[in-house]
Amino acid sequence: NALATLRLRRKFPDRLERIGVMCSPALGDTLLFSAVFADVRAYFPKKQLIYFFTPQSMAAAILIPGADKRVVIEMTKPLDTIITLRNEKLDILIDFSSWQRLTAFYSLLSGSRFTAGFRTAGQYRHRGYDKVVEHRSDCHELENYRSLATSLGIAVGSPPYLEPPEVPTPEV
């Protein structure tokens, strides 16, 4: 918290090439996140979009279309996670997690030129972000995700969507 308090807020970068997003490891949140992920993809069609997810959400994360790269991060391995995030040399990192303090910590130390995330009541996780949006308990989680995206100028409205993997056609 002290490290984040001393950090100055940065402006949204003028030039973007590499955009990172991460979401809660909860399966239901990951499925809802697919809607906003589609909105981010549509808003940045020619930018590299990197999706960071945990092993716990992998089953759903691999069904969300549109990522240029998918990267597994281990929440319980801080040094490995920070190194993984820094190696991606992100221009922006959007943390769609709402309560995990670790994702806020990882965002702070990601090396990203700009970060965005939620201020959640009682969690004290928002100080390390450059752009902060209030996480509201009186609305649906999808609407919280959309409010974070719109705070960055991203048009929202896509429905949640999963793309099933290709199943080989059996030979007859």
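Check the entry above for the structure.
What counts as what
- Residues numbered from 1 in each chain as written.
- Predicted model: local features only at pLDDT ≥ 70, side-chain atom pairs only at ≥ 80, totals over all residues.
- Heavy atoms only, no water.
- Helix = DSSP H or I, 4+ residues; strand = E, 2+ residues; numbered from the N terminus.
- Rg over C-alpha atoms; globule rule 2.2 N^0.38 Å.
- Buried < 20%, exposed > 50% of the residue type's maximum accessible area, 1.4 Å probe, protein only.
- Areas by Shrake-Rupley, 256 points an atom, 1.4 Å probe, with all protein chains shown as cover.
- Lys, Arg positive; Asp, Glu negative; His and termini not counted.
- Charge placed at Lys NZ, Arg CZ, Asp CG, Glu CD.

Engineer: Give a description of the overall build of the protein that names residues and reports values.
Structural biologist: Scanning the protein for helices and strands turns up six helices and six strands. Helices and strands in the protein line up, N terminus first, as α-β-α-β-α-β-α-β-α-β-β-α. Over its C-alpha trace the protein gives a radius of gyration of 16 Å, about what one expects of a compact globule, namely 16 Å for 172 residues. Its C-alpha atoms put the protein at 65 × 35 × 30 Å along the principal axes. Across the 172 residues in the protein, those meeting the buried criterion constitute 45%. Only carbon and sulfur atoms are counted for the fraction: they give 58% of the accessible area of the protein, which is about 9100 Å². Charge centroids of the protein, computed over 22 positive and 18 negative side chains, lie 9 Å from each other.

Engineer: So what's going on with the environment of glycine 28? Residues and values would help.
Structural biologist: Topologically, glycine 28 is positioned in helix H2 (residues 27–43). Given a relative accessible area of 39%, glycine 28 falls into the partly exposed group. Glycine 28 sits 44 residues away from valine 72 along the chain, and the two C-alpha atoms are 18 Å apart.

Such coordinate-based values are descriptive only and should not be taken to indicate function.
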